[in-house]
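# Overview (structure and organization)
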There are 2 protein chains.
Amino acid sequence: MKKIINDPNFVVKDMLEGFVAAYPNDVKLLPNTTVVVREDAPVSNKVGLVSGGGSGHEPAHAGYVGKGMLDAAVAGEVFTSPTPDQVLEAIKAVDSGEGVLLIIKNYTGDVMNFEMAAELAEAEGINVQQVVVNDDVAVEDSSFTTGRRGIAGTVFVHKIVGAKATQGASMEEVKAVAEKVVANVRSIGMALTPCIVPAAGKPSFELKDNEMEVGIGIHGEPGIKRTEVTTAHDIATELMEKVLDDMNLKSGDEVAVMINGLGATPEMELYIVNKEVNNILTEKGIKIYDTFVGEYMTSLEMAGCSVTLLKVDEELKSLLDAESKAPAFRR
Amino acid sequence: MKKIINDPNFVVKDMLEGFVAAYPNDVKLLPNTTVVVREDAPVSNKVGLVSGGGSGHEPAHAGYVGKGMLDAAVAGEVFTSPTPDQVLEAIKAVDSGEGVLLIIKNYTGDVMNFEMAAELAEAEGINVQQVVVNDDVAVEDSSFTTGRRGIAGTVFVHKIVGAKATQGASMEEVKAVAEKVVANVRSIGMALTPCIVPAAGKPSFELKDNEMEVGIGIHGEPGIKRTEVTTAHDIATELMEKVLDDMNLKSGDEVAVMINGLGATPEMELYIVNKEVNNILTEKGIKIYDTFVGEYMTSLEMAGCSVTLLKVDEELKSLLDAESKAPAFRR
């Protein structure tokens, strides 16, 4: 295992300290927790937004904390759900009296622990609502999930819901827009290589020298199939078929596109994938409203990418364009 | 070789097409060239700024084209200087009559080809000046370089000089601030793994299973030494010693920090390095004005990082803070 770390058992602690050290005017770490919150939390007259999940997906989730996006992100151990007590700390830190919306990626552990935290917070008189993101069209049910997994599309939920809450919308309105994004966002990923959880010290699965896996999850959960590595053209075509099959888009519809690197993919390759995705959409008459290329939801040093499409209307476009000061999503 | 590409001989073309497809309102590709320019080039009453170099360092250099930063970026083949005719096209496209400043990383091929382009442009009546960035303190002279190499510190040059030019400063003023940044910026890198140039299909050098190289260049040029992989603490300490030895900083001085991933390094590890760098600077009483963590100047899928310090004064701080709409450096 080649990693630039200190003790494998303290990577999350070290990472969070290094993260808040980078943006001391914008975010802070709640003492003795793994919760990163906005420096000015709780923000008055605003629904609080909390997300989080296992670590190893950086810049998710702390990178999306900031004005215009999340109020707090809760980090679990690598690829492990955060515990309910940590999520509860986040909820309490960001509630200004307007309630708190939890944005949860659909993994069994995350859903259970966030729900438990919601119950504890409600017992303390905080109005807590939740939305579960399940954008991955690859498979129904997988190693850690009942139903579809939540992957990179979650970042669009953070951005758009963050903008809505920043406008001072009510909990009902904020939750409605969150559900609208979830209903309109679809993703799928593929990997060329596995990744290594620091505390494990070895890859959690293996791919042969010329093998790739389509539909893989961001923790290496099984995908649809393994094949020889093909071309960017063929990979993009296959990923887009799966996504488009599930979206019922028609000519004239507008989408936002995210080409997300899983951690070790050169940005050059992401742009080559974007060329192919752009061609496919253009041929179908689907308009591209905006494109995001980079590392948004990673899997440590996994090589590969995911493609996300979000069908947008005037409301979603306006919220997507709104200002964001989150370190990993500046607008 | 596992890569998401089409033909290895067309990776630069495919990448540039995918890049401009992502930001059609902001940038365009000059027809039949490898030159990315601002959509609105040439910008009136503004010194034009052109940078570039070999491909494989994405988001450098096209990612820094945009309002507040560069006017054009010229892409060579992977790890290969762009040709003088391409640089000339960029110069001609961005000159509004105020002249054009070339920002060149110190590699023999780049310096030669950019200078040749400057001569050709001057023969056409364009005032062309240049600044050569040589921030890498690791070694004097290396595979492709006489003197010190230019690496991630170049991004600070793009940002600050871009802000100065955007203010409408004269060529003399713009060039002076460029030289000021070059005089005050220092970097050094280290790698855990090599990278693979697509057309070559195999690594240009090898590192053993538990070996790292300190002081390595962004094309894999030799560094200072190879050792067993140590801890993030020890790596940061060693990199910072080399940089600080060369900077003569004293307690109370202010710096901007860049922790740059070389392509395959998980962002988690970059933040762990930032924690260590932050501790070292804080112990010495050196103030951190701002911190940038991410992939700014990469080497395809090389795993490793570089650390850059820029000593800042009031002028540089103000220019660093100024608005930028470049896709890879939004402020």
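Cut-offs applied
- Residues numbered from 1 in each chain as written.
- Chains lettered and ligands numbered in written order.
- Predicted model: local features only at pLDDT ≥ 70, side-chain atom pairs only at ≥ 80, totals over all residues.
- Heavy atoms only, no water.
- UniProt positions renumbered as here; feature names shortened; annotations may be inferred.
- Contact = heavy atoms within 4.5 Å.
- Buried area = accessible area lost by both parts, 1.4 Å probe.
- Salt bridge = Lys/Arg side-chain N within 4 Å of Asp/Glu carboxyl O.
- Polar contact = N/O pair within 3.5 Å; in protein donor to acceptor, adjacent residues only side chain to side chain.
- Helix = DSSP H or I, 4+ residues; strand = E, 2+ residues; numbered from the N terminus.
- Nonpolar A, V, L, I, M, F, W, Y, C, P; charged D, E, K, R; others polar.
- Buried < 20%, exposed > 50% of the residue type's maximum accessible area, 1.4 Å probe, protein only.

- The name that an unreviewed UniProt entry assigns to chain A is phosphoenolpyruvate--glycerone phosphotransferase, with the source organism given as Ornithinibacillus bavariensis.
- Note on chain A: under the UniProt heading Function (unreviewed entry), the record states "Dihydroxyacetone binding subunit of the dihydroxyacetone kinase, which is responsible for the phosphoenolpyruvate (PEP)-dependent phosphorylation of dihydroxyacetone via a phosphoryl group transfer from DhaL-ATP."
- In UniProt, chain A has this text filed under Pathway (unreviewed entry): "Polyol metabolism; glycerol degradation."

## Describing the interface of chain A and chain B
- Taken residue by residue, the interface counts 56 residues in chain A and 56 residues in chain B.
- The contact between chain A and chain B buries some 4600 Å² in all, and 59% of this surface belongs to carbon and sulfur atoms.
- Ranking the residues of chain A by area buried against chain B places A:Lys2, A:Ile4 and A:Met268 at the top, with a combined share of 20%.
- Linking chain A with chain B are four salt bridges, by the criterion used here.
- There are 24 residue pairs in polar contact (both at pLDDT 80 or more) connecting chain A and chain B.
- If you list the elements that add at least two residues to the side of chain A that touches chain B, you get helix 1 (11-22), helix 6 (232-245), helix 7 (267-283), strand 11 (287-294) and strand 12 (304-311) of chain A.
- Counting residues per element, the side of chain A that touches chain B draws most heavily on helix 7 of chain A, which supplies 10 residues.
- Taken together, the residues that form the side of chain A that touches chain B break down as 25 nonpolar, 15 polar and 16 charged.

## Remarks on the pattern of salt bridges
- Across all of its chains, the model carries 52 salt bridges over all chains by this definition.
- The salt bridge partner of B:Asp253 is B:Lys311, with a shortest N-O separation of 3.9 Å. Here B:Asp253 is found in the loop between helix 6 (232-245) and strand 10 (254-261), whereas its partner B:Lys311 is found in strand 12 (residues 304-311), with 58 residues between them in sequence.
- Overall, B:Asp253 belongs to the buried group, its relative accessible area being 9%.
- Classification of B:Lys311 as partly exposed rests on a relative accessible area of 27%.
- Because the salt bridges share partners, they merge into one network encompassing A:Lys13, A:Asp14, A:Glu17 and B:Lys275.

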